[in-house]
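The primary structure of each chain is shown beneath.
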Amino acid sequence: MLALIVPVVPAVIAALLLWQLPRVMAGEVLAFGWHWVPSLGISARFFLDGLNMLFALLISGVGAFVAIYAGAYLSGHPHLRRFYFYLLLFMVGMLGLVLAADLITLFVFWELTTIASYLLIGFDHSNAKARRSALQALLITAIGGLCLLAGLILLGITAGSFDLLEILELGDELRASALYLPILVLVLLGAFTKSAQLPFHFWLPNAMAAPTPVSAYLHSATMVKAGIYLLARLHPVLAYTPAWQWTLTLVGAATLVVAAVLALRQTDLKLTLAYTTLVALGTLTMFLGDDDSVPIAAAVTFILVHSFYKASLFMVVGIIDHQTGTRELGSLGGLRRAMPVTFVAAAAAALSMAGFPPFLGFIGKELKYEGALAIASEPLLVAGAAVFANALMVAVAAILVFKPFFGPRQPAGTNISEAPLALWLGPLVLAALGLVCGIATPLVAESLIQPAVTAILGRPEVVKMKLWHGLNLPLLLSVVTFTLGVVVYLLQRPIRAALQELLQWLPLSGDRLWDHFIDGIKHLAAWQTRLLQHGVMRRYLSIIFATVAAALGYVLLRNGDIAVDLEWPQLTVKEWAALALTLAGAMMAGAARAPLAAICALGALGVGLALIYLFFGAPDVAITQLLVETLFLVLIATTLHRLPVFSGVHTPRFRPLDALLAITVGAGVTLSILAVMQTPFDATTSTFFETAAVPEAYGRNIVNVILVDFRALDTFGEILVVFTAAIAAATLIGHRLQRKKH
Amino acid sequence: MNSVILQTATRALVALILLFSVYMLLRGHNYPGGGFIGGLIAAAGFTLFAMAWGTAAARRALRIEPGRLAALGVLLAGLAGAVAALLGEAPFTGQWLFLGGAEGDKGLPVSTILIFDIGVYLSVVGAVLALVFALEEDA
């Protein structure tokens, strides 16, 4: 039942978006939203333009098919509902992220996708590997997220507004500001971690521990493109500088080359696809580095192409895994007859991936070459990287289709049947879309690509795309690509063996480095906990008092001499008595050898203090002091026999260090109080309370009026603390009691 | 502590102490006292009772789990603060009602402030007793 309802949600969203498409095509920017934190200039505003229309359509459209697919793939799974919840949570996060018109709102949704991704990768939570991968992905993307937050806040401060639409108008001013470089670095860190660029790429292949619908949706079609979206979104503001151009071009090119090589090494179909996703992400980053309209159009087209074929191929691999129980390249073959529909979907998606006409992939590839050659800075590097990546895509596409579907039937002997409709519907439709969009190229160019390119570049652009470009350099490069791809396909076994050999010589992978990093942090945490949380009360107190003494001493020394006015006030007999009691208590406590005597002496000291409060006009404080003193004595008395032996107290030995500490703290506090008394007393606050207490709070006891009326929120916080602390302590004691009984 | 003198004296004393604690609570707005002080006095009374008659008897006399009493107090204080928010003012603003007010006589003041103070009183009694009882039982 749920499997029927859930896909309706994204489908309705997609339909609503399509309904608005004509207005967006006309160049309108639709915005709506609410105030959120007006005092900070933050609003929950959203908007729709050409760029996020494309992303939102992909998120909701692919989401609908993935939801259908997941219903069948995880059919009968005990946590299917939970899965749907996470999936929809992710969808909300992703849609919010691309539609947000406010930097802070964007960030909140950005983090929501990170959390949803964590929950989905670790969905199979009884599997240690899945848990590790989930945590790794969470930590890497969250570290990037924090950098992004810092970058967005700097951007907002520099621009004077968190409104994205306003910021997008301020490109030149921002590029000229001194904070441009920090903003760029922080934003790029956020985007690169999210979109798994080198050197943060290793979390993405590990994320394949997630169920296949998740891999198809989050880790190929949508979430990993959030970083790409961010780069495209902020293109008008941050691009057009050498720093942007070089960073994106080089990081993108490095990612795609490394990932393409690593992809060939894999024998697990799903991992192979994961690495080709990295290739795609690297390609997109590389092209977004430029500011010419052709490379940008190539990037936008490739986003569309890639989402169609990659989601489709992931689902195909999921179907193979679901029906045969394996996705190892070596143990699959000849499935063409048993699974004809799946085969058609796989073939169509692979043809688009390899870039054969008339699929959209072909147009994407031609545009890439045209764009690469149009790049002003490094056409050779970009074109070379693009040819290399595409040749390997051709090889991988061939491997994905020929190996599992042709040749001798494997796994042999088992009865393998075609998957149910719900499983093959998604991949088939998405693969077919790659074909339809390829044939209807001008329409796609006009309705989706051109508005997106216009939004990215921040200036009106016209994008013309057609299937046949004539005999030109891009076509020649295509031929080279196919030839190279076929060669790589034919030589796949020796290449794979050579790569395995080569990679064994590499001392460290990013994954292993990450483990070392995490272990290091754990060790650091354990070390500092042992150092600071040793559990010895006396040492804690010594450290606290030493810190107080040092802080007071520093302030006193820095402020220089204190003019202490030693005019001895006239004290009455009772005041002298209270003072004597306090002093006697302190001295007895210091000299006592038995704990009980020390505690009683402290009690006397407390009473003396309470008397002083009473004589000098603070009856509330005096009463409280007296009561706390009483209860404290009772509590100590009940615990006395369980305290550790007072070694230092029992041995009649002078402790110079403790004495020094006590005298330093005492002298420091006394001098500070004397110093404070010298400064004129500012009576603004107390005058306010004195005059306002009766007319506003109907009370004559100022202390209590402050507690329960003027500062009631503070008091509420305090009783909450008292309550929590008491419950926690009582629970701990009760727990010990239980253990004692057993 | 099994002392007949203490036990006999406690019976009378605890009643007086509790009465006194309520007196301190109610006079707090105009004279020294208030929820915190009243709560401490009441807690001292029950502690005395526990010392004389044992914690089991003291728990029975309290009739409600001290932790729950503390939670009830926090809840009451929070609700008293929420009244103002519901009436559209800043939370924890005092709301006053003068019952039977007439010319020259403002009548009997009733306020959310008092309810808040009772919440403080209950949470202090509950928190202190939760600790005292646990410690005495552990002894």
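Residues numbered from 1 in each chain as written. Chains lettered and ligands numbered in written order. Predicted model: local features only at pLDDT ≥ 70, side-chain atom pairs only at ≥ 80, totals over all residues.

Draft legend 1. Quick peek at the overall build of chain A. From N to C terminus, chain A includes 33 helices and 2 strands. Here the C-alpha radius of gyration of chain A, 35 Å, is well above what a compact globule of 742 residues would show, namely 27 Å. In terms of principal-axis extent, the alpha carbons of chain A reach across some 110 × 60 × 50 Å. Taking all 742 residues of chain A together, the buried fraction comes to 42%. Across chain A, the fraction of contacts at a sequence separation of at least 24, relative to all contacts at a separation of at least 6, is 77%. (Helix = DSSP H or I, 4+ residues; strand = E, 2+ residues; numbered from the N terminus. Rg over C-alpha atoms; globule rule 2.2 N^0.38 Å. Buried ≥ 20, exposed ≤ 12 C-beta atoms within 10 Å, placed from the backbone. Contact = placed C-beta atoms within 7 Å.)

Draft legend 2. Expanded view of the overall build of chain B. Along chain B, the regular secondary structure elements total 5 helices and 2 strands. Secondary structure elements of chain B, listed N to C terminal, follow the sequence α-α-α-α-β-β-α. With the C-alpha coordinates aligned to their principal axes, the bounding extent of chain B is approximately 55 × 30 × 20 Å. Buried positions account for 45% of the 139 residues belonging to chain B. Restricting the contact set of chain B to residue pairs at least 6 apart, pairs at least 24 apart contribute 64%.

Draft legend 3. Examining the interface of chain B and chain A more closely. Taken together, the 42 residues of chain B in the interface contact 38 residues of chain A. Going through the elements one at a time, helix 2 (35–53), helix 4 (66–86) and helix 5 (112–138) of chain B are the ones with two or more residues in the side of chain B that touches chain A. Looking at which element gives the most residues to the side of chain B that touches chain A, the answer is helix 5 of chain B, with 16 residues. A class-by-class count of the residues in the side of chain B that touches chain A yields 27 nonpolar, 11 polar and 4 charged. (Nonpolar A, V, L, I, M, F, W, Y, C, P; charged D, E, K, R; others polar.)

Draft legend 4. Representation of the domain arrangement of chain A within the structure. Split by domain assignment, chain A resolves into domain 1 (1–238), domain 2 (241–490), domain 3 (572–643) and domain 4 (711–742). Here the C-alpha centre of domain 3 of chain A lies 62 Å away from the C-alpha centre of domain 1 of chain A. (Domains from an automatic or database assignment.)

Draft legend 5. Representation of the pairing of strand 2 (residues 42–48) of chain A within the structure. Residues and elements named next belong to chain A. Sheet analysis places strand 1 (residues 30–37) next to strand 2, joined by 7 bridges and oriented antiparallel. Within strand 2, the residue paired with Val37 across the bridge is Ile42. A loop of 4 residues connects strand 1 with strand 2, the two strands running antiparallel in sequence, and Gly41 in this loop sits at a positive phi of about 70°. (Pairing = 2+ DSSP bridges.)

Draft legend 6. The packing of helix 14 (residues 242–265) of chain A against helix 23 (residues 492–505) of chain A, seen in detail. Residues and elements named next belong to chain A. At a minimum axis separation of 8 Å, helix 14 and helix 23 run at an interaxial angle of 110°. Here helix 23 runs roughly perpendicular to helix 14, going by the angle between their axes. Crossing geometry of helix 14 relative to helix 23 is assigned as left-handed. Residue-level inspection shows Val261, Leu264 and Arg265 of helix 14 in contact with helix 23, the latter providing Gln492, Ile495, Arg496, Leu499, Gln500 and Leu503. Taken together, the residues of the contact of helix 14 with helix 23 break down into 5 nonpolar, 2 polar and 2 charged. (Axes fitted to C-alpha atoms, helices over the stretch in contact; angles between N-to-C directions. Parallel < 35°, antiparallel > 145°, perpendicular 65-115°, else oblique. Left-handed = near helix turned anticlockwise from the far one by under 90°.)

Draft legend 7. Just the packing of helix 5 (residues 103–121) of chain A against helix 6 (residues 128–159) of chain A, in detail. Taken N-terminus to C-terminus, the directions of helix 5 of chain A and helix 6 of chain A make an angle of 175°; their axes are 8 Å apart at the nearest point. Relative to helix 6 of chain A, the element helix 5 of chain A lies roughly antiparallel.

Draft legend 8. Region of the structure containing the confidence of the model for chain B. Residue and element names in this part refer to chain B. Averaged over every residue, the pLDDT of chain B is 89; residues scoring 70 or more account for 96%. Helix 1 (residues 4–27) holds the highest mean pLDDT among the elements of chain B, 93, whereas strand 1 (residues 96–99) holds the lowest, 79. The ipTM assigned to the predicted complex is 0.93, against a pTM of 0.74. (pLDDT = per-residue confidence, 0-100.)

Draft legend 9. Main features of the environment of Glu567 of chain A. Mapping Glu567 of chain A onto the fold places it in the loop between helix 25 (537–558) and helix 26 (573–591). It is 26 Å that separates the C-alpha atoms of Glu567 of chain A and Gly606 of chain A, two residues lying 39 residues apart in sequence.

Draft legend 10. Spatial organisation of helix 12 (residues 225–233) of chain A. Counting buried positions along helix 12 of chain A gives 9 out of 9 residues, so the element sits mostly inside the fold. Every buried residue belonging to helix 12 of chain A is among Lys225, Ala226, Gly227, Ile228, Tyr229, Leu230, Leu231, Ala232 and Arg233 of chain A, and all of these are buried.

Draft legend 11. Molecular detail of unusual backbone geometry. Residue and element names in this part refer to chain A. Residue Leu198 is joined to Pro199 through a cis peptide bond whose omega torsion reads 0°. Mapped onto the secondary structure, Pro199 falls in the loop between helix 9 (180–194) and helix 10 (203–206). With a phi angle near 70°, Tyr240 is a residue other than glycine that sits in the positive phi range. Examined against the element boundaries, Tyr240 turns out to sit in the loop between helix 13 (235–238) and helix 14.

Draft legend 12. Seen up close, the environment of Leu720 of chain A. Residue and element names in this part refer to chain A. Position of Leu720 among the secondary structure elements: in helix 33 (residues 712–741). Among the residues examined, Leu720 registers 15 C-beta atoms within 10 Å and is labelled partly exposed. In sequence terms Leu720 and Val487 are 233 residues apart; their C-alpha atoms lie 72 Å from each other.

Draft legend 13. Layout of the environment of Glu65 of chain B. Position of Glu65 of chain B relative to the elements: it lies in the loop between helix 3 (55–62) and helix 4. Along the chain, Glu65 of chain B and Leu26 of chain B lie 39 residues apart, while their C-alpha atoms are 24 Å from each other.

Draft legend 14. Representation of helix 1 of chain B within the structure. All names here are of chain B. The terminal C-alpha atoms of helix 1 lie 35 Å apart, and with 24 residues this matches the ideal 34 Å at 1.5 Å per residue to within 8%. Of all the bends in helix 1, the greatest measures close to 35° and is centred on Thr10. Val14, Ser21, Met24 and Leu25 are the residues of helix 1 that are buried. Where helix 1 is buried, its residues contact helix 2 and helix 5. (Expected span 1.5 Å × (residues − 1). Bend = angle between axes of the 7 residues up to and from the residue.)

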